[in-house]
Every structure is written in C-alpha cells, then in structure tokens.
Amino acid sequence: MKELVPDHQGLVLVMLFVVGNTLVFALGGVAGPDIWLAFLLATVLAIPMILLMARVRSLMGGASLACGLEQLLGKWPSRALAFAYAGYAWRLACYVVSDVTNFIQAVALPTTPQVVTATLFALLMLWAAKEGVEVLARFAVIMSKVVFNVLFVTFLMLLSQVELGEFQPVMYNGVKPVWLGAFQLLEFPFLEVVVLFWVFDCFRSKKSPYRVFLPGFVAASLILLVMASTSLAVVGAERYAQFYFPVWAAVARINISTFLTRLEAIIGVTFAIGSFVKMAACLLAASRSLAYSFGFADYRFLVTPLALGVIPGSQWFISTLLDVELSVIKTYPTSATFFQAVLPVLIWIWVEWRARKLGRGKSSPTQAGGQ
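Residues numbered from 1 in each chain as written. Predicted model: local features only at pLDDT ≥ 70, side-chain atom pairs only at ≥ 80, totals over all residues. Heavy atoms only, no water.

Visitor: Hey, could you run me through the overall build of the chain in this one?
Guide: In terms of helices and strands, the chain carries 15 helices and 0 strands. A principal-axis box enclosing the C-alpha atoms of the chain has dimensions of 70 × 45 × 35 Å. Residues classed as buried in the chain amount to 56% of the 371 residues present. Of the contacts formed within the chain by residues at least 6 apart in sequence, a portion of 85% connects residues at least 24 apart. With an accessible surface of roughly 15,300 Å², the chain has 67% of that area assigned to carbon and sulfur atoms. If the 26 positive side-chain charges of the chain are averaged to one point and the 18 negative ones to another, these points end up 12 Å apart. (Helix = DSSP H or I, 4+ residues; strand = E, 2+ residues; numbered from the N terminus. Buried < 20%, exposed > 50% of the residue type's maximum accessible area, 1.4 Å probe, protein only. Contact = heavy atoms within 4.5 Å. Areas by Shrake-Rupley, 256 points an atom, 1.4 Å probe, with all protein chains shown as cover. Lys, Arg positive; Asp, Glu negative; His and termini not counted. Charge placed at Lys NZ, Arg CZ, Asp CG, Glu CD.)

Visitor: What exactly am I supposed to notice about the confidence of the model for the chain here?
Guide: Regions with low pLDDT should not have their predicted coordinates read in detail. Confidence in the prediction of the chain, expressed as mean pLDDT, is 88, and 92% of residues score 70 or more. Below a pLDDT of 50 lies the segment residues 360-371, which in the model reaches 25 contacts outside its immediate sequence neighbourhood of four places, other chains included. (pLDDT = per-residue confidence, 0-100.)

Visitor: I keep staring at the packing of helix H1 (residues 7-19) against helix H11 (residues 264-293) and nothing clicks. Help me out?
Guide: The relative placement of two packed helices is expressed as an angle between their axes plus a distance between the axes. At a closest axis distance of 8 Å, the pairing of H1 and H11 adopts a crossing angle of 105°. Considering the angle they form, H1 stands roughly perpendicular to H11. Contact residues: H1 offers Leu 13, Leu 16 and Phe 17, while H11 offers Gly 274, Val 277, Lys 278, Ala 281 and Cys 282. Along the lines of polarity and charge, the residues of the contact of H1 with H11 split into 6 nonpolar, 1 polar and 1 charged. (Axes fitted to C-alpha atoms, helices over the stretch in contact; angles between N-to-C directions. Parallel < 35°, antiparallel > 145°, perpendicular 65-115°, else oblique. Nonpolar A, V, L, I, M, F, W, Y, C, P; charged D, E, K, R; others polar.)

Visitor: So what exactly am I meant to see when it comes to the environment of Met 53 here?
Guide: Here Met 53 lies in helix H2 (residues 35-58). For Met 53, a relative accessible area of 4% corresponds to the buried category. Here the alpha-carbon distance between Met 53 and Ile 347, two residues 294 residues apart in the chain, equals 9.0 Å. The residues contacting Met 53, other than those within four sequence positions of it, are Val 193, Val 194 and Phe 197.

Visitor: For this particular structure, what's the right way to read the packing of H1 against helix H6 (residues 133-158)?
Guide: It is the contact of H1 with H6, at a shortest axis distance of 8 Å, that shows an interaxial angle of 65°. Crossing geometry of H1 relative to H6 is assigned as left-handed. Residues Gln 9, Val 12, Leu 13, Met 15, Leu 16 and Val 19 of H1 lie in contact with H6, whose contacting residues are Val 133, Glu 134, Leu 136, Ala 137, Arg 138, Ala 140, Val 141, Ser 144, Val 147 and Phe 148. For the contact of H1 with H6, a count of residues per class yields 12 nonpolar, 2 polar and 2 charged. (Left-handed = near helix turned anticlockwise from the far one by under 90°.)

Visitor: Help me out: how do you make sense of the packing of aromatic side chains in this one?
Guide: What the rule picks out here adds up to 26 aromatic pairs. Measuring from ring centre to ring centre gives 4.9 Å for Phe 103 and Phe 245, while their planes differ by 85°; the resulting arrangement is edge-to-face. With Phe 103 in helix H4 (residues 75-107) and Phe 245 in the loop between helix H9 (237-242) and helix H10 (246-251), this residue pair connects regions lying 142 residues apart in the sequence. When its relative accessible area of 3% is taken as the criterion, Phe 103 is described as buried. Using a relative accessible area of 10% as the deciding quantity, one classes Phe 245 as buried. Ring geometry for Tyr 244 against Phe 245: centres 6.4 Å apart, planes inclined by 50°, an arrangement best described as tilted. Taking NZ or CZ as reference, Arg 57 lies 5.4 Å from the ring centre of Phe 197, over its face. (Phe/Tyr/Trp six-rings, centres within 6.5 Å; stacked < 30°, edge-to-face > 60°. Lys NZ or Arg CZ within 6 Å of the ring centre and 35° of its normal.)

Visitor: Mind showing me how you'd approach a nonpolar patch on the surface here?
Guide: Taken together, the side chains of Leu 45, Val 170, Met 171, Val 175, Trp 179 and Phe 183 make up a nonpolar region of the molecular surface, amounting to roughly 480 Å² of accessible area. In this fold, Phe 183 is placed in helix H7 (residues 176-187). (Patch = residues over 30% accessible without salt bridge, like charges linked within 9 Å, V, L, I, M, F, W, Y side chains within 5 Å. Salt bridge = Lys/Arg side-chain N within 4 Å of Asp/Glu carboxyl O.)

Visitor: Help me understand the environment of Phe 338, please; the structure alone is not making it clear to me.
Guide: Tracing the sequence through the fold places Phe 338 in helix H14 (residues 334-357). Discounting residues that sit within four places of it in the chain, Phe 338 has contacts with Leu 343 and Pro 344.

Visitor: Can you help me understand helix H3 (residues 65-73) in this one?
Guide: Side chains that are three or four residues apart share a direction in an α-helix, a result of its 3.6 residues per turn. Within H3, burial applies to Leu 65, Gly 68, Leu 69, Leu 72 and Leu 73. Buried residues of H3 fall within an arc of 100° about the axis and therefore sit on the same side. Residue Gly 74 follows H3 closely and has a positive phi angle near 100°. (Arc of directions from axis to C-beta.)

Written out as structure tokens, the structure is:
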C-alpha cells in the first residue's frame, strides 16, 4: 500500500526536519557578523539542489518510490543507490541522537549516562517509524504549532536585548568567512533534506514535490536565519562562535520585569521535538531504503534492529560535546559532499537523459510505461 502524504503536511515535515536539531548550535558562526549573508548565500546555493530532487520525484508521477526508481534507473542501480542512502540516513540518525543526548547531559542531567536518554529516544523513533510517514507528517503538523509559536514569542522577547551594531561593519573580514559559513550551513542542515527523498513514498501530483520541498525548505531557512541572527545580536559575534549553544545563552538573558526569566528551558523543549522528528525521519528513510535494496515488500521489520543499532552508534560516531561542536562547524567533509551534492546531480543527469531517450519528456515514465 502506498503511503500518501498531503502537500501541506509534507511541507511542514520538511520545515521541522530542517529546523530539527539545529536550533541551539552556532550555525554559520565562522561568518561572524556577516552570518545573515552566509544564510542568504547558502539558501541560494541550496535551492537548485532542492529543485533537482523535486524534479526527479516529479518524473515518477503517481508511482511509489520503489517502482519509480526502477523505472528511472533500473532495478540493480536503484537498489545499490538505496543501500548507500540507507547507510547515510542511519548514520545521520546516530548523529542526531548524539546531539540530543550530549545537549541534555550538558544543560539538564549531567550525571545521567547518555545511553539512558539515547535508549529513550530510540524507542520513541522506533514507534514513529513503524507508524509510517503519514502518521509522522500529521505529528509534525501538530507539534509545529508548538515549536514555531514558541520560537516567535522567544524572538519577540529577545528584541529588547538585540544590539544591531554587532552586524557592522559589513564584510569587514572579506568574502571568505561568508563562503565558509555558507558551506557549513549547506552541509548542516540545509542539504540533509536529501534524506526526505527516501521518506515520501508518493505524491498526489507531479507538482507536489515542488510544493512540498521548496516552500518547506525556504521557510525553515528563514526561521533559522532569524533565530541565529537574533542570538548573535544578543550575545555578540565573538561569543556566538565560542558558545556551544549560543541560542540557549541568548534566551537565558531574557529578563522582563524580573518575572519572565530562565526561559531557556522552552528552547530545550523545541530542540527535543524537532530532533525527534528528524531522527524518526532518518530511521524511516534508512528502513525503507534498506528494505527496497534487498527486495523486501515491507520495511517495518527492519525498524527495530536499526533503531536499537542507533543506541551504540550514537556513542561511536560522537562521544563528547566537543565532537558534537566539531561535527556542526565542519565544512563539507567528503561523505557529505558525495551524498548531498554529487549523487543527486548524477541521478538527475541520468534521469533526464533516460526520460528524453525514451521520448517521454516531462511526462511520467511510469505512466507512459503503463500506457
């Protein structure tokens, strides 16, 4: 059975996935006062990749992901590709769980072993992945109202602490920091949206991928731009890059008539919700891709072993808070470049060539084959 997600629910899922586990980190900190330029540049660079992925999905028409891939790429190439992305999605789930467990241990439960919180989140995302993308999308719609309303109220309360002079002078250190900040943002979190390519089983129409991926990504990018820039204007450009959790530090400064204080806990709650949606989507993508690569009709029996594997995996890939920080500020490692940029471009080139060769143009290869 196909799992069909309405466009508006898919859009919200993309938004919450991109925002996900990024809220509290020093996104684009290397750009310094020009962080807003880094965000704009990264958004402009990421949009062609988003459109490229949407184009590939639109060529599948109303077909399921597995059927569409076989029509476009062939049976064995598509299965090999699915196997590779299963590993990438599972590793990303491990990174997200590690981010959450290290954050919780640093700010709330310093004496609680990380394996305890990792087990809790693994069980939660196991349940969410088994329910499927339809349930996950509906959950994202409900929780997005909490997350985005909290962020909006937090932004309003931070305005009293903002120092616009932190953004001046513009490009004082030249263009290089802006480009480095943009590439950091592309690797984490902008182009991680490639995982959602394997989450959505099918769409309502050929235009649905564009309506889901592009507006959802742009909205999430705008939210992160506002929150990161506001936090930098509150704590200062130098401290923004030095803090592990600059947004947390900025919100901690809110003090309205000595009544509204210590509000950083609400940022922790929104961070946990977004991280849960992201890790569940990664686990779902890994399970679905692995099942397809081995020719299984159902992916749900693979969810449990993969989820349990995330628990030790979150400790192997990243073991300390310093490792978390380094994973956030790295600038396009080889693995990320391959899965987020190289492979999608190669897939798009092949799909376009195959579609034109078969004389189908913009029509769905699956539909044409059925006719």
